[in-house]
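# Inside the fold
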Amino acid sequence: MRSRTLLAVALVLVAGMAFANGAQEGAAEPIRMGGVWPLGDITGEQGSKSAQLAVDELNANGGILGRPVELVVIDSEFSPDKGAAAIERLATIENVDFFIGGMSSGVHLGQIPALKRYRKITMWTGAASHLAEEAIGPDQDWYFHLHPWDYNQGASYVEGWTAIAERYPDIAIDRWFLAYEEGAFGSASFEATQQLFSDMEISGESFQSAAAGGGDYTAVLERAKEYDPDVFIWAGYDADALPIMEQARAIDFAPPLFVGAPPGWPASFGESGLAEGVTLYGMWAPSLNSVSDVSAHYYQSYVSTYDEEPATYFAPLGYTAVMILAQAVEAAGSMDQDAIIAELQNIEYDSALGETISFAPSRVISNQGIRQQKILQWQGGEQQVLWPFEFATSEPEYPFPSWDR
Amino acid sequence: MSSIEQRPRRRAPWVFAALAALLAFLPLVAGPYPQTIARSVLTYMMLAISWDMLIRSGQLSFGIAGFFGLGGYAAAIGATYLGVPPVLTLVFAAVVVGVVALLIGAVVLRLRGMYFAIVTLALAEIFRIVMHNWSSLTGGPNGMLLPRSAFDGNSVATYLMMLVLAAVVIGVSEWFRHSRIHFALTAIRDNETVAASAGVNIYAYLLTAFAITSGIQGAVGASYAQLFGFVTPESSFNVNYTLIPLAMTLLGGMYGTWGPVVGAVLLGVVGEYLKLFIPYGHLLVYGVIIVLVILFMPRGIVGLVRGHLERSRRTTTASEKGGAA
């Protein structure tokens, strides 16, 4: 009798386990996205947090195709080999369905061989160097690039400044001086400016960025002051922003247009009192909330979730990458790669960056998303959009205010 | 009795070699991700060994990143303009960088201590600036893509390539330790005047060590370029290629082959795993670990283990003598 009872209990347990396994198999498998960012940098930290925000929103609304969404994030550490290892791990151990993220062309160049090996749908938010585009090569229909390439950016600056000068005849843009950090980023900016604005008077001089141990800009600022340009641009890093403005004030250098072109700004720059009237390039600013509902929704979600402001355009780019993929998968109705690629190639996504994103061929790749940077200006401690005019949130403050403001 | 005592000592190197072989070949069956991590570990390991080979003479070099980057560019230029096959670019880069180091070393090896260290640091920067500005040859700030990477990027084949290169570097380092060069370099480090009076040709030995170690760094730079298929001034001459091998050597222990090997394996693997568990902030923990280990283990892990083994051996010998008495 006792043995029969034991047998019955065992059968119930086995049946229960089988049911439990069956229930697990029946549960919807998550759709997995693998993200690689430099997490020690504000661009990567906020980009990855924004991607997670998008994933949380999707899951709160039932996921994608009724399946939950998971985001696995790995730090690239700004290193090509670490970035490549992250792709290998995401592909072979985490078994992700999509690759997203990215910042830095150097890291991306290291990742490209691994990306080409796995050929999973990739929605990349960083890397502007045309060398990365050449490394990807033509006919890679799985590769989608959101960030504009360097030549797209250069062309958009020419277009933007020309449009601004036409609309506001007081604004002169004939004489340029570029102060550029002596590394790859600054030197490439100077070369590109010389080529793009070849019909204008251009001069320039390099400086050692504070990020590379420098920080004394007096000589280059004195030369620029002597040159008396219509437009003064400095191309360096966020570490240069405050000291370059301080030193410009010290020598009373106030050109009519004072433009800064770092990839990111110090979080406190707007509050510094040195920012007023400084023009900059970027893709997004909180002021876009007044002209874009998607931007306002993203901004409010980010601030309420993380109790901080997104301070770089890589933040909304991370959010956008996830949302574009989600929209394409829903439209495809399955996880079939070809069907999703077809949907992505026809997508029109209203993004938090203001513009509606669609993909079209660029010089080499088949699927290039954004092609424009915006021209913005610090006004009253906030970045206002000056151009493209359809997203403009303010009129230009011109000329740059004198230092006895 | 004595033969029984000696047996474990004879067996130990074989056990160590078998373990090392197992560790070396483990990534081959573990998949592409462990292979990528292992390739990275081997890269830094070779740089750490080469740095240690020169420091055995007392000459402190901060020029690893410079010769590493120069090797990468030599490989890229050799493959692009001279049609050197991918794997042979490693040899090509080693020779080019070795010759460059020989020419530079002929001048700078008159310097000692911090003067030499600062010159090597400056050399790395000069190489970077030359590559950065010689746009017609090197692609300038944007760098250049290699026509094709070694074994078309096959992860097993490229791992084996790195393994063979690492074995060669370990072999050269061990040859250094068991040849006249070792005694000469040690004598130079201990007391240069005494070494010179004993007939050691200091200049020739230092020049040989500098050229060989720089050649190794050039070959490793070439292998890195072949693994990822590109070179840029910023990534190829990154200061991490100087700092990380130094940290690995200090962690593992200086003045020998196995200290850098142990340091590279430990820091490489720990660094990778830390970031999986602490995605935001792992570099801070990594840095704290390095500082603590260097503070509390100034002779490195290998030095600590050796010291422990020597102490226990002395204790055993003393107790045997006591027992016999």
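Residues numbered from 1 in each chain as written. Chains lettered and ligands numbered in written order. Predicted model: local features only at pLDDT ≥ 70, side-chain atom pairs only at ≥ 80, totals over all residues. Heavy atoms only, no water.

### Thoughts on the pattern of salt bridges
To keep it simple, the criterion reads: Throughout this description, the term salt bridge denotes a Lys or Arg side-chain nitrogen within 4 Å of a carboxyl oxygen of Asp or Glu. Numbering goes from the N terminus for both helices and strands, where a helix is a DSSP run of H or I of at least four residues and a strand is a run of E of at least two.
The final tally for this structure, using the stated rule, is 18 salt bridges over all chains. Here B:Glu125 makes a salt bridge to B:Arg128, at a shortest N to O gap of 2.8 Å. Here B:Arg128 and B:Glu125 lie together in helix H5 (residues 113-133), a separation of three residues that amounts to about one turn. Beyond isolated ion pairs, a larger network of salt bridges with shared partners links A:Arg32, A:Glu70, A:Arg89 and A:Glu94.

### Looking at the interface of chain A and chain B
Stated formally: By definition, residues are in contact when any of their heavy atoms lie within 4.5 Å. Note on terms: buried area is the combined drop in 1.4 Å-probe accessible area of two parts once they are placed together, counting the loss on both. Think of a polar contact as two N or O atoms within 3.5 Å of one another; within protein, one of them needs to be a possible hydrogen donor and the other a possible acceptor, and neighboring residues in sequence only count if both atoms come from side chains. Ten residues, namely Ala, Val, Leu, Ile, Met, Phe, Trp, Tyr, Cys and Pro, are considered nonpolar, four, namely Asp, Glu, Lys and Arg, are considered charged, and the remaining ones, Gly among them, are considered polar.
Contacts between chain A and chain B engage 35 residues on the former and 27 residues on the latter. When chain A packs against chain B, close to 2700 Å² is buried across both sides, 61% of that on carbon and sulfur atoms. The interface formed by chain A and chain B contains two salt bridges. A salt bridge links A:Glu77 to B:Lys275; the shortest N-O distance between them is 3.3 Å. Where chain A meets chain B, there are five residue pairs in polar contact (both at pLDDT 80 or more). At the level of elements, helix H2 (42-60), strand E2 (69-75), helix H3 (80-92), helix H4 (105-118), helix H5 (130-136) and helix H7 (184-196) of chain A are the ones that each hand at least two residues to the side of chain A that touches chain B. Tallied by class, the residues present in the side of chain A that touches chain B amount to 15 nonpolar, eight polar and 12 charged.

### Focus on empty space enclosed by the protein
The condition is simple: We place a 1 Å grid over just the protein atoms. Points where a 1.4 Å probe fits but has no way out form a cavity, open points with protein on both sides within 12 Å along at least 5 of 7 lines form a pocket, and any residue with an atom within 4 Å of a point lines it. Grid points are joined across faces, edges and corners, and a volume is the space filled by probe spheres set on the points.
If you walk through the whole model with that rule in mind, you get six cavities of 30 Å³ or more. The calculated volume of the largest cavity comes to roughly 80 Å³. What lines the largest cavity is A:Ala84, A:Glu88, A:Gly110, A:Pro113, A:Ala114, A:Arg117, B:Arg39, B:Gly153, B:Thr158, B:Leu227 and B:Phe228. Elements with a minimum of two residues in the lining of the largest cavity: H3 and H4 of chain A together with helix H10 (202-228) of chain B. Looking at the lining of the largest cavity element by element, the count peaks at four residues for H4(A). Looking at the lining of the largest cavity residue by residue, the class counts come to five nonpolar, three polar and three charged. As for the second largest cavity, its lining consists of A:Asp81, A:Lys82, A:Ala85, B:Thr36, B:Ile37, B:Ser40, B:Val41, B:Gly268 and B:Glu272. Elements with a minimum of two residues in the lining of the second largest cavity: H3 of chain A together with helix H2 (32-55) and helix H13 (258-277) of chain B. Ranked by residue count, the leading element in the lining of the second largest cavity is H2(B), at four residues. Residue composition of the lining of the second largest cavity, grouped by class: three nonpolar, three polar and three charged.

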